Each structure stands twice: as C-alpha cells, then as structure tokens.
Amino acid sequence: MHKQLAKTPPLGWNSWDCFGAGVNEEQLRANADYMAKNLKQYGWEYIVCDIQWYEPKAKDNDYFSFTPLNMDEYGRLMPAENRFPSAKNGNGFKDIADYCHSLGLKFGIHIMRGIPRQAVHADMPIKNSRHTARRVAHHFSVCSWNTDMYGMYNCEGAQDYYNSIFELYASWGVDFIKCDDICVTEFRQWDNPYSADYEIEMIRKAIDNCGRDMVLSLSPGPAHIENADHLSANANMWRMTGDFWDDWGKLHDMFDKCLLWQDRVKPGNYPDCDMLPLGRLSKNGTCHGPQDRMTQFTKPEQLTMMSLWGIFKSPLMMGGNMPDNDEWTLSLLTNAEFMNMHRTSYGAHQHFREENNGKGIIIWVSNSCACKYAAVFNTDDNAQEIQLDISQILMPDTSYHFYDIWNKKEIGEFKNAFSATIEPHGAGLYKIY
C-alpha cells in the first residue's frame, strides 16, 4: 500500500542545507509560504523539518554530544519550545502541520533510528507496553556521528516504542518521515552492514498501523544494491549516497550511483540522489563551504544536477532557503516541461558514456507516452560539441522535433543525428518528438 503514496517522485523542501540543526518555526513557515505561492502549482508539496528539532540548544550544523533533549513522559521526542513556540503544552508539530495543510502543502519531519539514550538511562516507560526503554535498547547499536539514540533489539517492546511515536506523529498530522542512521548502518562489524533491516520493518509496520498515510524516506547512503528488494518492500525512497553538497566531485560521482540503480526506479520506489543544494545555503554556519552562501555550483553544473536528478526520477528536495531564491534558482524549480518529464517519463538509462579521467561525455535517455527525452552531459573542463545519434534511440532516416527544455524553445527538426555545444560541466536537456 505504501507505494500508492508516491506514484510520482516526491517534491519538497528540507531544512538541512540552509539551517542545519538549528531551524526554527518562523523559518519553516516562511518556506511554506514561499512554496505555496511560487512552487505548489508545479507539484512541490512537502515542507520537511530536519534533524535536532527536539534539541533546545541546536543552532548550526554541529551536534552537541549527550545534550539534554526535549521528551514526554514516554520517552518520545518533542519539539523544542524555544525554537517552535506553537509546540507548547504538548502540542508538538500540530500547528505547523495544520498551517502547511491550510496552504495545500504537506509536512514532514526527520527522525533518528532507535530510542533516545536519555530515555534509556532514565528507564522510562513505553506507552501501551509492559516494557521500558532500557529493556529494548541495543547499547552497541549507536550512530557514529550523533549521540542522541540507541538502536533497538528485534523485540516486542521495540515495536511498541515505534508504534507509540508514529501514533504521536499521526496526531500531529505528519505526512512524510525521513528516518536517518538506518539505510546503511555499521554498528555490528561482525554482522551484515545492513543490520537495521528489522528496524526498517518495525517502522513500516508502525506507519501502516498509525492511521495516517506517511511517505517513508531512508537515510543516509550509500544504500546497497543487494538490499534493493527489501528497501522497495518497506520504503518509498532511499539514499544512494552520503550527504550531497555543492561540489563538482560529488555531482560527478552521482552518475555512477544512478547507473547502479537505474533499473530499480518505479512508481512508489525511488532511489534518492539527496537534496538539491541550490540557492542560499548554510545560513547558520559553515558547512562544506562558506556560511550564508549562494550555491558553489556554476550555472552549467546546476543544469547538470537538475537534468540528472530529473531524467533519473530522483525525488527532488530543495535544500536552499527558498525566500532567498533569485530568479535563476526559481526558474530551475518552475520549468513546466522539466516537471512534466520528471513526473511522466520512465525507463531512464545511461545511453552512452565516454570519459578519460572523469572528463568527457555522458548521455541519458528516457521514454514518455508521446516522446523521448535526452540529457547530454559535458563532464570536461572545456566546452565541447556533443553529438547524439538519433538513429540509436528512434527510427533511422526519420525527422524529429527537438525542444530545448532549459532554454524553453523549439530548436528544429533533425534526422539521424543532433549536436549541441555544451558548456564545461554543463548539460542540455531535450524533448524529442
């Protein structure tokens, strides 16, 4: 049933790239307002609050180890009221979710796998369970980069805890869950690296029984292709990579990730290229670049990222602070023909690749009911003319119209071959019909 919730790849905004762990209610609402006004008509709908929303001291991209967290009497994390004032009196995220819903949008939150260490050390009760936090915690199952949680044993009480938190999230009106430290875990070096598989299944069961539809996203990556069937059976999207940032090397690496996963993209199941680090980033502190910067990607590199994410049908999660968008950034997110391709195309695959030391030409193609799409990538440091052999993807000796999606214009009819000059690290994206 969960696959029916995401018949097309989810589209939204996530707070991490611009606000890190320190996002607050005002910023969530401002991005919701912007999305409703500028992006909703193109299919964008999710506003997702990322990590540490339960930590009163969070302020930037860093984590405070073993810092006190805001919890209820059942060890369930609650929004920090100094950052989210509407959460007072146990209200949680309900007011913010209701606000997003009033705008015709949906609301999501980030969670960490497991149960808070703070709840375990206090041996807090689990709601509707005969078990307590200490009995379900796996003390060797810990995240290597965040101290908030213990993983859990595969036991009745652990399922009870997951049931209790998703019951809470359903009461708030949550529509999207990004679960972290679960897609790839390495805490048991003597066991399968994908050793949180039973926790994924517990989360799936808890969502299915909470009374509210929620899209499930798993992080971080890289997910392992040998786990594709299990991921598909339990989640809507899963990360193919670690955190993605505005760096050409990371972008170039994504071609390999997409090639590996190209046959596993289907309605309801989407290998995830991660967020789009576009526009205004890292407002609260330096993170993979200067503080409060516009993206370090050149405009051609931004076209490469959007073209690859789009033709591959990755979920699209805008990472920059949207009220700070310039006209260029907004144009990337509101290109109607691009959005139609992302929504309706299928069968995307790498058609051609010829590189030397990571520099050269890559071509991806995909299908739609009335056309084909081609994305032509120049991974070289210099501009070059790239030729597409039309006869390899369509009927030979037949003329086809080419529409340039990024430049929003018809560029003529071509038979057997088409060529275009592509800027360094840039891309051309074409509708062929």
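This section reports on the structure supplied with the text. (Residues numbered from 1 in each chain as written. Predicted model: local features only at pLDDT ≥ 70, side-chain atom pairs only at ≥ 80, totals over all residues. Heavy atoms only, no water.)

We now examine the pattern of salt bridges. Per the counting criterion, the structure on display carries 23 salt bridges. For Lys-127, the salt bridge is made with Glu-167, and the minimal N-O distance between the two is 2.9 Å. Placement of Lys-127 in the loop between helix 4 (117-121) and helix 5 (133-136) and of Glu-167 in helix 6 (residues 156-172) is noted, with a sequence separation of 40 residues between them. The class for Lys-127 is partly exposed, based on a relative accessible area of 24%. Residue Arg-264 pairs with Asp-229 through a salt bridge whose shortest N-O separation is 2.5 Å. In this pair, Arg-264 sits in the loop between helix 9 (248-261) and strand 10 (270-272) while Asp-229 sits in helix 8 (residues 228-234), placing the two residues 35 residues apart along the sequence. According to the relative accessible area criterion, Arg-264 is partly exposed, its value standing at 23%. According to the relative accessible area criterion, Asp-229 is exposed, its value standing at 56%. (Salt bridge = Lys/Arg side-chain N within 4 Å of Asp/Glu carboxyl O. Helix = DSSP H or I, 4+ residues; strand = E, 2+ residues; numbered from the N terminus. Buried < 20%, exposed > 50% of the residue type's maximum accessible area, 1.4 Å probe, protein only.)

Here we take up the sheet that holds strand 14 (residues 346-356). Pairing is antiparallel in the open sheet, where six strands are placed in the order 14-15-16-21-18-19. The open sheet has two free edges, formed respectively by strand 14 and strand 19 (409-415), since each of these has just one partner strand. In this sheet, adjacent strand axes meet at a mean angle of 25° when their direction is disregarded. Relative to strand 19, strand 18 (residues 399-404) runs antiparallel, the two sharing six bridges. By the bridge assignment for strand 19, Tyr-400 is matched with Phe-414. Against the sheet, helix 9 engages strand 14, strand 15 (359-367) and strand 16 (372-378), with an angle of about 130° to strand 14. (Pairing = 2+ DSSP bridges. Axes fitted to C-alpha atoms, helices over the stretch in contact; angles between N-to-C directions. Contact = heavy atoms within 4.5 Å.)

Mapping His-110 onto the fold places it in strand 3 (residues 106-112). A polar contact of 2.8 Å, which involves the side chain of His-110, links it to the side chain of Asp-180. Ignoring any residue separated from it by four or fewer positions in sequence, one finds His-110 in contact with Cys-49, Asp-50, Ile-51, Trp-53, Lys-178 and Asp-180. (Polar contact = N/O pair within 3.5 Å; in protein donor to acceptor, adjacent residues only side chain to side chain.)

On to empty space enclosed by the protein. Empty pockets left among the atoms are what a rolling probe the size of a water molecule brings to light. Counted according to the given criterion, the structure contains two cavities of 30 Å³ or more. Estimated volume of the largest cavity: approximately 110 Å³. Lining the largest cavity are Asn-14, Val-48, Phe-176, Lys-178, Ser-217, Ser-219, Met-237, Arg-239, Asp-272, Asp-274, Met-275 and Met-317. Sorting the residues of the lining of the largest cavity by element identifies strand 7 (176-180) and strand 9 (237-239) as the ones contributing at least two each. (1 Å grid on protein atoms, 1.4 Å probe; cavity = no way out; pocket = protein on both sides within 12 Å on 5 of 7 lines; lining within 4 Å. Points joined across faces, edges and corners; volume = space filled by probe spheres on them.)

All right, on to unusual backbone geometry then. Residues Ser-219 and Pro-220 are joined by a peptide bond in cis, for which omega reads -15°. Residue placement: Pro-220 occurs in the loop between strand 8 (215-218) and helix 8. Of note, the amide linkage connecting Gly-221 to Pro-222 takes the cis form, showing an omega dihedral of 5°. Among the secondary structure elements, Pro-222 is positioned in the loop between strand 8 and helix 8. Here Phe-66, not a glycine, exhibits a phi torsion of approximately 55°, which is positive. Here Phe-66 is to be found in the loop between strand 2 (46-49) and helix 3 (94-102). Its identity as a non-glycine residue notwithstanding, Asp-292 has a phi of 50°, on the positive side. With respect to the helices and strands, Asp-292 occurs in the loop between strand 11 (280-281) and strand 12 (293-294).

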